[in-house]
Amino acid sequence: MDAQGRGRADDIDPADQWVLNPDTGEYELRLTPSAPQSAVPGPRRAASRTKSPAGAPGTARGRTPAPPDRESPAEAADRVPGPRRRRGVPEEPLPNRRGRRPVKKKSKARKILLWTGGTMAFVLVGTAAAAYLYLEHLNDNITAVSDDGASTGGFSKDKAINILLIGTDKRTGSGNKGYGDTDSVGHADTTILLHVSKDRTNATALSIPRDLIVDVPDCPTTMEDGSTKVIKGEEGVRFNTSLGQEERTPSCTVRTVTELTGIQADNFMVADFNAVKTLTSAVGGVEVCLAKDIDDPDSHLKLSKGTHTIEGEQALAFLRTRHSVGFGGDLSRIQLQQQFLSSLMRKLKSNDTLSSPTKMIDLAEAGTKALTVDSQLDSIGKLKDLGLELGKLNVKNLTFTTVPVVDNPAEKVKATVVLNDSTAPTVFQMIKDDVSFTEVKKKAKASKDAAAAEAEARLKGTKSAASEVRVRIMNGGAVAGSAQETLNWLQNDEGVTKSENAGNAPKELSRTTLEYDPDQADQARRLAAIMGLPGTALKPGESVENAQGLPTMTLTLGKDFKGAGVSLTAATEVPDSVQKSTADKVECAK
């Protein structure tokens, strides 16, 4: 309902609902129709030369009487605007008989904050024409670059969200040349893949070490002059070279992350050293805790043991330090950064920030000026929509973790790391499957569901020998050649010799299934154990005859099939060896 429709039941003129706020000098819309509002005090002015007749009703000393009808424009200009009243409405109380003050509604500006993943902080403020002009101003602040088709095309409100946050080591700007390589083109120095669950109950922030050895793929790239070219990929290089090196742009980092994890980002955001300084100052500083004194000449950080509130240059130094914490390497610095970002999350979600118009405005300015975003997030409206989705998250359900790695075995002097093949695939798969890393939403709860319990029961019972399993294999949406690959693996590696390739299935399936006659349940359980099939993949039904005329199960490889020997049972718990922490807990750097 618009302003003109509100308040009619109480016979209030809509124009009376716009009143002057003496603290800001702005007109505000008051929608509370309960009691007549007192006149808004204005600046002192000389007494009117026109005297009111003695004894005029409703006239108080020092107050201009309210005329029964509307004023002329000249009269209106001669006094401070106040709420008018319609005929038949009682006059306001005299100055010495104060009426009830109207209840103030919460400011709309306090309700709208773009929650941040360490580099995001934007707001929507104001009303009417002033708001429009301010939003246009914020739009002009935004720097956007092409995603070159590397992303999904932008986040969706009804799906899980994956945002790639990239912190570069580009040292342009005041005071930044003192940090290490002054000629750096801006590599992917700090990279976090932020996954927010479809139901917005939880999120995972996955840090990717800059010294992780990866394969950088070929990257179609839009250059600064608008031309396009494919920047050739490289094998066995540091992850941080996916940006900056050979003119690579953020879209190439997105492609590298997809290649590494199998997770395609919806959007990306890039921040440099200046962003860290301006954003931390905008929120009034971030509280950090140290378990020991730190004096790092490389990062210029000098802080005593205990709790400190840091911002600007000092905050940047805190995020850059590594020689004075942990083992003195990049992995120790990542833990420090995660602690810092956890504290920043708590600060942004606190009432201290949300209730401060000044901080909100500063965040809007700092955020839109400091960040570079992909072309799908090129307006304050789109950023606001993303912020509202991210703002639904409770920080206690935001988990920080790092890609599981081990020292590079090819190096005598350890300088780089490689994937931990025993745990990294589980972490990546949990994120792809939208599995929570916190207790809020364990997918193991599905076992309480009757249908899930029934499916799990199909896996329990005796199992036949692998040599007794009869199965035909069909491709129902997997990569071409998957049926033959699986057949070779089952016969040569697993001893399932009574198996055959039946070609393509009549239709594609999203998930792999195994259909069997109930009399073949023991064979189905053995094949499920060999292939890592969940109970939901087992479909009691009918068997078919194989080439020898014997009853045979049908294994149809769906779009979820990942390759011969790769389990299809989704992980529901983070491996114990994987380090993780949640944003609601205060941790001290050691």
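Above this note sits the structure.
For every chain, the first residue of the written sequence is number 1, and numbering continues from 1 along that sequence. This being a predicted model, a pLDDT of at least 70 is required before a residue's local features are given, and a value of 80 or more before pairs of side-chain atoms are given or counted; all residues contribute to the totals for chains, interfaces and linings. Note that the side-chain values use all heavy atoms of the structure and ignore hydrogens as well as water.

**Q** Please clarify how the overall build of the protein should be interpreted in this entry.
**A** Numbering of helices and strands runs from the N terminus, with a helix taken as a DSSP run of H or I at least four residues long and a strand as a DSSP run of E at least two residues long. Helix and strand counts for the protein come out as 13 helices and 28 strands. When a residue's accessible area, from a 1.4 Å probe over protein chains only, is under 20% of the maximum for its type it is buried; when over 50% it is exposed; and in between it is partly exposed. Expressed as a percentage of its 590 residues, the buried residues of the protein come to 45%. We call two residues contacting when some pair of their heavy atoms lies within 4.5 Å. Long-range contacts, defined as pairs at least 24 residues apart, comprise 71% of the intrachain contacts of the protein with a sequence gap of at least 6.

**Q** What exactly am I supposed to notice about the side chain of Asn162 here?
**A** Take Asn162: it is sitting in strand E6 (residues 161–168). Reaching out from Asn162, the side chain makes a polar contact with the side chain of His195 at a distance of 2.8 Å. Aside from chain neighbours lying at most four places away, what touches Asn162 is Leu193, Leu194, His195, Ile263, Gln264, Ala265, Asp266, Asn267 and Ile431. Polar contact is the term for a pair of N or O atoms within 3.5 Å; when the atoms are in protein, one must be able to donate a hydrogen and the other to accept it, and sequence-neighboring residues count only if both atoms are side-chain atoms.

**Q** Explanation requested: helix H6 (residues 330–349) in the structure shown.
**A** Because an α-helix packs 3.6 residues into every turn, residues spaced three or four apart end up facing the same way. The span one expects for a helix is its residue count, reduced by one, times 1.5 Å. Under the 1.5 Å per step criterion, the end-to-end length of H6 is 28 Å for 20 residues, consistent within 8% with the ideal 28 Å. Most of H6 is tucked away, with 16 of its 20 residues classed as buried.

**Q** When you look at the side chain of Asn141 in this model, what are you seeing that I'm missing?
**A** Structurally, Asn141 can be placed in helix H2 (residues 128–141). Polar side-chain contacts of Asn141 include one of 3.3 Å to the side chain of Glu365. There is a polar contact of 3.1 Å between the side chain of Asn141 and the side chain of Thr368. Filtering out sequence-adjacent residues up to four positions away, Asn141 remains in contact with Glu365, Thr368 and Lys369.

**Q** Would you take a moment to explain the pattern of salt bridges for this structure?
**A** Two side chains with opposite charge may pair up if their charged atoms get near one another. The rule for a salt bridge is simple: a side-chain nitrogen of Lys or Arg has to be within 4 Å of a carboxyl oxygen of Asp or Glu. The tally for this structure, following the rule as stated, stands at 15 salt bridges. A salt bridge links Lys229 to Glu247; the nearest nitrogen and oxygen atoms lie 2.9 Å apart. Pair noted here: Lys229 is in strand E11 (residues 228–231) and Glu247 is in the loop between strand E12 (234–238) and helix H3 (250–261), with a separation of 18 residues, a long-range link. With a closest N to O distance of 3.3 Å, Lys392 and Glu389 form a salt bridge. According to the relative accessible area criterion, Lys392 is exposed, its value standing at 52%. For Glu389, a relative accessible area of 6% gives the class buried. Taken together, the shared-partner salt bridges connect Asp189, Arg210, Asp211, Arg238, Arg320 and Arg333 into one network.

**Q** Just checking my understanding: could you explain the pairing of strand E22 (residues 471–475) for this structure?
**A** Remember that side chains alternate between the two faces of the sheet whenever the strand is regular. Burial of E22 is extensive: 4 of the 5 residues sit out of reach of the surface. Think of it this way: DSSP has to see at least two bridges between two strands before they count as a pair. Bridging between E22 and strand E23 (residues 499–504) involves 4 bridges; their strand directions are parallel. Within E23, the residue paired with Asn475 across the bridge is Asn504. Once the chain exits E22 it traverses helix H12 (residues 482–492) before rejoining the sheet at E23, and the crossover so formed is right-handed. Pairing geometry for E22 and strand E27 (residues 551–557), over 5 bridges, is parallel. Bridge pairing in E27 places Ile473 opposite Leu555. Crossover handedness is defined by viewing with both strands directed away from the observer: a clockwise path from the first strand over the helix to the second marks the crossover as right-handed.

**Q** Quick question: what am I supposed to make of the packing of helix H5 (residues 312–320) against H6 here?
**A** Helix-helix packing: each pair is described by the crossing angle between the helix axes and the interaxial distance. One way to put it is that H5 packs onto H6 with a least axis distance of 8 Å and a crossing angle of 140°. Classified by the angle their axes make, H5 and H6 are oblique. Residue-level inspection shows Ala315, Phe318, Leu319 and Arg320 of H5 in contact with H6, the latter providing Arg333, Leu336, Gln337 and Phe340. When residue character is reported, Ala, Val, Leu, Ile, Met, Phe, Trp, Tyr, Cys and Pro are called nonpolar, Asp, Glu, Lys and Arg charged, and the others, Gly included, polar. Considering only residue class, the contact of H5 with H6 consists of 5 nonpolar, 1 polar and 2 charged. Axis lines are fitted to C-alpha atoms, over the contacting stretch for helices. Their N-to-C directions set the angle, which ranges from 0 to 180 degrees. Angular relationships are summarised with four words: roughly parallel below 35 degrees, roughly antiparallel beyond 145, roughly perpendicular across 65 to 115, and oblique for the angles in between.

**Q** I keep staring at the state of the cysteines and nothing clicks. Help me out?
**A** Cysteine pairs can be covalently joined through their sulfur atoms, and such a bond is termed a disulfide. Sulfur atoms of two cysteines make up a disulfide when they are within 2.5 Å. Per the stated rule, a full pass over the model turns up 1 disulfide. Between the sulfur atoms of Cys219 and its disulfide mate Cys252 the distance is 2.0 Å. Across the S-S bond linking Cys219 and Cys252, the dihedral sits near 65°, which makes this disulfide right-handed. Of this pair, Cys219 sits in strand E10 (residues 219–222) while Cys252 sits in helix H3, placing them 33 residues apart in sequence. Pair check on accessibility: Cys219 and Cys252 agree, each one buried.

**Q** Please clarify how the environment of Gly262 should be interpreted in this entry.
**A** Tracing the sequence through the fold places Gly262 in the loop between H3 and strand E13 (267–271). Gly262 sits 166 residues away from Phe428 along the chain, and the two C-alpha atoms are 7.3 Å apart. Setting aside residues up to four positions removed in sequence, Gly262 forms contacts with Val257 and Lys432.

**Q** Whenever I open this one, the packing of helix H4 (residues 273–282) against H5 confuses me. Can you help?
**A** Packing of H4 against H5 leaves a shortest axis separation of 8 Å and a crossing angle of 125°. Between H4 and H5, the crossing angle belongs to the class labelled oblique. Crossing handedness for the pair H4 and H5: right-handed. On H5, the residues that touch Phe273, Val276, Lys277, Thr280 and Ser281 of H4 are Gly312, Glu313, Ala315, Leu316, Leu319 and Arg320. Its residues assigned to classes, the contact of H4 with H5 shows 5 nonpolar, 3 polar and 3 charged. When the near helix sits turned anticlockwise from the far one by under a right angle, the crossing is termed left-handed; a clockwise turn instead gives a right-handed crossing.

**Q** Which parts of the structure should I look at to understand H4?
**A** Here H4 has its buried residues at Phe273, Ala275, Lys277, Leu279, Thr280 and Ala282. Backbone nitrogen of Asn274 and a side-chain oxygen of the N-cap are separated by 3.1 Å at the start of H4; the cap is Asp272.

**Q** It is not clear to me how the nonpolar core should be interpreted in this structure. Could you clarify?
**A** One broad rule of soluble globular proteins: the nonpolar side chains tend to lie buried together. Among buried residues, the Ala, Val, Leu, Ile, Met, Phe, Trp, Tyr and Cys ones that are joined through side-chain atoms within 4.5 Å form a nonpolar core. In this structure, Leu194, Met269, Phe318, Phe340, Leu386 and Leu398 are the most contacted members of the largest nonpolar core, which totals 47 residues. Among the nonpolar cores identified, the runner-up in size contains 32 residues, and Ile166, Leu243, Val427 and Phe428 belong to it.

**Q** Looking at this model, I keep getting lost on unusual backbone geometry. Mind explaining?
**A** A negative phi holds for most residues other than glycine; trans holds for most peptide bonds. In the Ramachandran plot, Glu247 falls in the positive-phi region, its phi being about 70° despite a non-glycine side chain. With a phi angle near 70°, His300 is a residue other than glycine that sits in the positive phi range. Looking at the element boundaries, His300 is found in the loop between strand E15 (294–296) and strand E16 (301–303).

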